[in-house]
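Secondary and tertiary structure notes
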Amino acid sequence: MTEPSLLSLRDAVRGEVLLPGEEGFDAARKPYNLAVVQDVRAVVTAADADDVAALVRYANQAGVPIAVQPTGHGASGTAAGAILLRTGRLDELSVDPEARTARIGAGVTSGAVNAATAPHGLIGKPGSSPTVSVAGYTLGGGAGFFARKYGMSSDHVIEFEVVDATGEPRKANAEENPDLFHALAGGGGDFAIVTALTVRLHEERELFGGTTFWPDSRADEVFAAFRDVTASAPQELSVWVSRAQFPGGAPAMVAVTVAYLGPETDGRVLLKPFEAIDGVLNGAWKALPFEELATITNDPVDPGPSVSRAELLGRFDAGTIAVLLAEPVAPLLALQVRHLGGALTGARPGPRGPVAEEYLVYLLGLAPTKEAGAAVAAKQAEVVAALGDAVTGGKLATFLGATDTLADTMAPDEAERLRGLKKKWDPQGRFVANFPLGE
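Residues numbered from 1 in each chain as written. Predicted model: local features only at pLDDT ≥ 70, side-chain atom pairs only at ≥ 80, totals over all residues. Heavy atoms only, no water.

1. Some thoughts on the sheet that holds strand E16 (residues 306–313)
Strand order in this open sheet of seven strands is E15-E12-E14-E13-E17-E18-E16, and the pairing throughout is antiparallel. Sheet topology places strand E15 (282–288) and E16 at the edges, where each strand pairs with a single neighbour. The mean angle between the axes of side-by-side strands here comes to 15 degrees, regardless of whether they run parallel or antiparallel. Judged from the five bridges that link them, strand E13 (residues 237–244) and strand E17 (residues 334–339) form a sheet pairing that is antiparallel. By the bridge assignment for E17, Ala244 is matched with Ala334. (Pairing = 2+ DSSP bridges. Helix = DSSP H or I, 4+ residues; strand = E, 2+ residues; numbered from the N terminus. Axes fitted to C-alpha atoms, helices over the stretch in contact; angles between N-to-C directions.)

2. Things to note about the nonpolar core
If you look at the biggest cluster of nonpolar residues, it comprises 58 residues, and the most contacted ones within it are Leu9 and Phe160. Apart from residues lying up to four places away in sequence, Phe160 is in contact with Leu139, Arg170, Lys171, Ala172, Phe181, Leu184, Ala185, Val194, Ala196 and Leu197. Within the second largest apolar cluster, 36 residues are counted, among which are Val222, Tyr260, Leu324 and Val329. (Core = buried A, V, L, I, M, F, W, Y, C linked by side-chain atoms within 4.5 Å. Buried < 20%, exposed > 50% of the residue type's maximum accessible area, 1.4 Å probe, protein only. Contact = heavy atoms within 4.5 Å.)

3. Structural notes on the pattern of salt bridges
Pairs can form between side chains of opposite charge once their charged atoms are near each other. Evaluation of the coordinates by the stated rule reveals 24 salt bridges. Taking the shortest distance from any N to any O, the salt bridge between Asp48 and Arg14 comes out at 2.6 Å. Note that Asp48 is positioned in the loop between strand E2 (42–45) and helix H3 (49–62) and Arg14 in the loop between helix H1 (9–12) and strand E1 (16–18), a separation of 34 residues in sequence. On the basis of relative accessible area, Asp48 is assigned to the partly exposed category, the value being 23%. Among the salt bridges present, the one from Arg315 reaches Asp389, with a minimum N-O distance of 2.8 Å. Taken together, the positions of Arg315 in the loop between E16 and helix H11 (318–326) and Asp389 in the loop between helix H12 (370–387) and helix H13 (412–425) put the pair 74 residues apart, joining distant regions of the chain. Residue classification places Asp389 among the exposed residues on the basis of a relative accessible area of 62%. Residues joined by salt bridges that share partners form a network here, namely Arg309, Glu311, Lys395 and Asp404. (Salt bridge = Lys/Arg side-chain N within 4 Å of Asp/Glu carboxyl O.)

4. Section: H12
Taking 1.5 Å per residue, 18 residues should reach 26 Å; H12 reaches 26 Å between its end C-alpha atoms and fits that length. In the segment just after H12, Gly388 is the residue with positive phi, at about 60 degrees. (Expected span 1.5 Å × (residues − 1).)

5. Topic: the side chain of Ser133
On the secondary structure map, Ser133 appears in the loop between strand E7 (122–123) and helix H5 (134–139). Among the residues examined, Ser133 registers a relative accessible area of 3% and is labelled buried. A polar side-chain atom of Ser133 sits 3.0 Å from the main-chain amide nitrogen of Gly136. Those residues in contact with Ser133, other than ones at most four positions away along the chain, are Pro70, Thr71, Ala106, Val108 and Thr109. (Polar contact = N/O pair within 3.5 Å; in protein donor to acceptor, adjacent residues only side chain to side chain.)

6. Things to note about unusual backbone geometry
Put simply, Ala330 and Pro331 share a cis peptide bond, and its omega is 10 degrees. Its location among the elements puts Pro331 in the loop between H11 and E17. Phi at Arg100 takes a positive value of approximately 60 degrees, unusual for a residue other than glycine. Even without being a glycine, Asn177 presents a positive backbone phi close to 50 degrees. You can see Asn177 is positioned in the loop between strand E9 (169–173) and helix H7 (178–184).

Here is the structure:
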């Protein structure tokens with residue numbers, strides 16, 4: 001039975017409302033990661049920013065929380081008991097080539113921005129998945145392919161357009177509501193609902209990249225080359241190395257993923273240590289139009305169940321490599337190391353601050369059952385424990401897992417500052433982020 005407080009929800013908003021028991025509700029409440037269960041009170045797809053404001057006013061009267069998920073990629077299970085707000089219809093996107101800026105609605109995906117900016121020779125700061133919303137990714141900082149040259153996605157926000165906890169539209173930028181701007185620039189969605197954002201774009205004309213696979217028996221050579229290449233890599237070059245065990249009994253493989261902002265000839269010189277390794281199975285690095293950025297990794301676009309964990313590494317030496325190569329990958333799907341550094345080490349707006357660590361290890365496994373998920377989590381814990389003090393304990397918000405909080409991504413004084421801003425901007429706790437600050 002539908003609870004009384006939700007009976008008037010359809011009268012309050014113009015967008016689609018789905019309630020428990022109705023056709024389409026179960027599908028609408030599912031996040032991208034199907035291992036996360038979302039026992040929400042209702043799912044609302046807002047018609048526009050005014051509709052978002054109307055929903056907030058309704059939620060205040062009804063005394064219910066709101067969880068915002070444009071696409072559901074960052075879902076963590078915190079939405080239980082909330083109204084789940086989908087912002088996919090807030091899909092306005094305009095590019096100003098002369099100013100090198102873009103105004104991006106909360107429902108716009110990374111792939112859509114790439115397609116709109118590339119004809120002008122401009123880029124944003126995308127991650128690897130074209131289906132992630134720019135708003136959600138940016139609220140978590142966003143450390144993607146070009147972070148070594150340009151820093152985090154949140155570093156390049158000019159302005160957020162939001163609905164606050166009273167249901168009022170506001171702007172947050174360096175001059176207007178600067179404290180809210182600070183919180184939203186990588187501090188998550190716990191303070192207001194972002195309906196659009198304006199970001200700086202950058203001129204780039206050439207992209208070289210892709211993913212190349214070898215048999216896992218070559219992993220020691222590939223990881224050694226990765227260490228050598230990244231030790232002197234220019235900031236235009238991003239390289240990830242992965243050991244992968246795909247389902248279905250296929251042999252394990254080792255892969256190198258590359259995104260280089262420059263000409264192919266220069267890129268191949270930088271990657272020469274890899275090209276000396278025999279036994280390539282498939283894949284290639286090549287010049288790419290920016291519209292085809294997503295083909296570098298071919299991330300899955302369909303939802304599926306998984307468990308992930310990421311840790312920052314204070315060192316990447318022979319001992320660290322030995323740990324990462326010591327055991328079979330399974331039951332993990334992928335064991336990946338990403339090179340950070342470059343612009344990420346500098347100061348930035350927002351609460352995160354410089355990222356001192358130059359490497360990140362990302363551990364991902366499929367979780368079609370609870371038992372499979374538990375086995376993946378145990379394997380992740382085993383790898384992290386074996387890495388010992390190479391793991392610093394620092395986090396990036398883009399990679400938070402089930403046991404993490406947003407406070408893990410920042411200094412204690414910044415976390416305390418954000419707790420104060422949460423009380424100021426959302427004193428009733430109306431908004432529920434995927435990863436709250438915690439106490």
